[in-house]
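Here's the letter readout for the chains.
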Amino acid sequence: MKNAYYLILTLSFLVLGCAQNNPQEQLQYLNGYWEIKQVETVGGKEREYSFSERVDYIEIKDSTGFRTKVLPRIDGSFVGTDSREAVTARIKNDSLYLEYSTNYDTWQEVVLKADAEELQVRNARGITYTYKKFEPINITD
């Protein structure tokens, strides 16, 4: 009986340990094109997005970079917009934070999840944004 208890305890630690995102690992997945999928407010209200006209492009090298909005075109290319924010990625208290700045404002988001398919961040107001990796429409002749 004691062995079963230790086995369950060990398995629980393994599952919980694997469920946590490592901030250093999260950092490697940030670069690329991200499409908004869902927004959840502090009160639990959710808004799903089935289509988004604009896509976020994030580029971070050596912990600094930028985020901008782009418009995907049918041929797989992108049209840039005037939106551009400087981004600094910092690991604090075992979490990855993205610190944004423009000429008009500064703010930060904590990365809740980042992998090859999904990015989830929460801002200081408690709003959670979930993005999926953008996949361009592939029209072949």
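Residues numbered from 1 in each chain as written. Predicted model: local features only at pLDDT ≥ 70, side-chain atom pairs only at ≥ 80, totals over all residues. Heavy atoms only, no water.

## Digging into the overall build of the chain
To be explicit about the condition: Strands are runs of DSSP state E lasting at least 2 residues, helices are runs of H or I lasting at least 4, and numbering of each runs from the N terminus. For every residue, the accessible area (1.4 Å probe, protein chains only) is compared with the maximum for its type, and the residue is labelled buried under 20%, exposed over 50%, or partly exposed between those bounds. Any two residues whose heavy atoms approach within 4.5 Å are treated as being in contact. Note on areas: these come from Shrake-Rupley sampling with a 1.4 Å probe, and a residue is covered only by the protein chains present in the view.
Counting secondary structure elements, the chain contains two helices and nine strands. Starting at the N terminus, the α and β elements of the chain follow one another as α-α-β-β-β-β-β-β-β-β-β. Of all 141 residues assigned to the chain, the portion counted as buried reaches 30%. By sequence separation, contacts in the chain at least 24 residues apart represent 39% of the contacts at least 6 residues apart. About 10,000 Å² of surface is accessible on the chain, with carbon and sulfur atoms providing 50% of the total.

## Details of the pattern of salt bridges
Our working rule: By salt bridge we mean one thing: a side-chain nitrogen of Lys or Arg within 4 Å of a carboxyl oxygen of Asp or Glu.
Counted according to the given criterion, the structure contains 10 salt bridges. Among the ionic pairs, E118 bridges to K37, the shortest N-O distance being 2.8 Å. A residue pair is termed long-range when its members are at least 10 positions apart, and E118 in strand β8 (residues 118-123) and K37 in strand β1 (residues 32-40) qualify at 81 residues. In this structure E118 comes out as buried when scored by relative accessible area, which is 16%. Classification of K37 by relative accessible area gives partly exposed; the value is 28%. The shortest N-O distance in the salt bridge between E109 and R67 comes to 4.0 Å. Of this pair, E109 sits in strand β7 (residues 106-114) while R67 is found in strand β4 (residues 64-72), placing the two residues 42 residues apart along the sequence. Under the relative-accessibility criterion, R67 is labelled buried at 11%. Here the salt bridges do not stand alone but share partners, grouping D56, R67, K69, E85 and E109 into one network.

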